[in-house]
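If you want the building blocks of each chain, they are given just below.
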Amino acid sequence: MATTALLVGTGGSAQAATSDNYWNVPYGQLYVSAYECNTYLTSCSWYTKVQLRNNGGRIMDSITNTTKIYANGLSASVTISKDQPSATITGNQTSIGQVRWTKYVSNLVELSGEARPSWTAVGITTEACLTGNGPAGYGSVSAKCAKIGLW
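Residues numbered from 1 in each chain as written. Predicted model: local features only at pLDDT ≥ 70, side-chain atom pairs only at ≥ 80, totals over all residues. Heavy atoms only, no water.

*Asks:* Teacher, can you tell me more about the packing of aromatic side chains here?
*Replies:* Remark: the centre distance and the inter-plane angle together describe each pair of aromatic rings, the angle taken between the planes. Counting across every chain of the model gives one aromatic pair. In this structure, Arg 53 packs its charged tip against the face of Tyr 31, placed 3.9 Å from the ring centre. Over the face of the ring belonging to Tyr 70 we find Lys 147, whose NZ or CZ atom lies 5.1 Å from the ring centre. (Phe/Tyr/Trp six-rings, centres within 6.5 Å; stacked < 30°, edge-to-face > 60°. Lys NZ or Arg CZ within 6 Å of the ring centre and 35° of its normal.)

See below:
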């Protein structure tokens, strides 16, 4: 298992933060990554990926990407969107917006969107978790996660 955090930035552009983890399993490698901007004025993009890699041609019976966005700060809120729909969540660090997508007979699920934290938020945290069912006969996969941000 490996965990990395990387800060990337150029010139006047927004900086990004990423975290990824992987786990070797008998049928390949389960990989999870989470990305978010770490500086913003009004909104922050996020992106997550869950994947079966190095699989020797095996395909997951099902694979689910569950992404949670937390607003960090006193009475903070965050509006999250994936494509057009959006939801606003309010509270302290336990504020969570969640997006989930399951694919069947697949090895990859990617999600992305935008978070708009309230002025009381000091930042956001993005967490991605992989669950699902391994290739025929391997059974279910317990949650494997990557998390980036303030927590």
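There's more to say after this.
*Asks:* Quick question: what am I supposed to make of the confidence of the model for the chain here?
*Replies:* Segments scoring low in pLDDT should not have their predicted coordinates read at a detailed level. Here the chain averages 80 in pLDDT, and 79% of its residues register 70 or above. Confidence drops under a pLDDT of 50 for residues 1-14, and excluding neighbours within four residues, the segment shows 23 contacts in the predicted structure. Here residues 89-94 is modelled with pLDDT under 50, and outside its nearest four sequence neighbours on either side it reaches 23 contacts, counting other chains as well. (pLDDT = per-residue confidence, 0-100. Contact = heavy atoms within 4.5 Å.)

*Asks:* Just checking my understanding: could you explain unusual backbone geometry for this structure?
*Replies:* Most peptide bonds take the trans configuration, and most residues that are not glycine carry a negative phi. The phi torsion at Asn 54 lies on the positive side, around 45°, for a residue other than glycine. Position of Asn 54 among the secondary structure elements: in the loop between strand S4 (44-53) and strand S5 (62-72). Phi at Val 105 takes a positive value of approximately 50°, unusual for a residue other than glycine. Given the relative accessible area of 63%, Val 105 is considered exposed. (Helix = DSSP H or I, 4+ residues; strand = E, 2+ residues; numbered from the N terminus. Buried < 20%, exposed > 50% of the residue type's maximum accessible area, 1.4 Å probe, protein only.)

*Asks:* How should the state of the cysteines be read in this particular structure?
*Replies:* Linking two cysteines covalently via their sulfur atoms produces the bond known as a disulfide. Scanning all chains against the criterion turns up two disulfides. The partner cysteine of Cys 37 in its disulfide is Cys 44, sulfur to sulfur 1.9 Å. Under the relative-accessibility criterion, Cys 37 is labelled buried at 6%. Residue Cys 44 is classed as buried on the basis of its relative accessible area, which comes to 1%. (Disulfide = S-S within 2.5 Å.)

*Asks:* Would you mind going over the pattern of salt bridges with me for this structure?
*Replies:* Note that side chains of opposite charge can pair when their charged atoms are close. Within this structure, the stated rule accounts for one salt bridge. Close ionic contact of Arg 116 with Glu 114 constitutes a salt bridge, the shortest N to O distance being 3.0 Å. The partly exposed category is assigned to Arg 116, whose relative accessible area is 41%. The class of Glu 114 is partly exposed, set by a relative accessible area of 30%. (Salt bridge = Lys/Arg side-chain N within 4 Å of Asp/Glu carboxyl O.)

*Asks:* Is there a simple way to think about the side chain of Ser 33 in this case?
*Replies:* Mapped onto the elements, Ser 33 comes out in strand S3 (residues 28-37). Taking relative accessible area as the criterion, Ser 33 reaches 9% and is therefore assigned buried.

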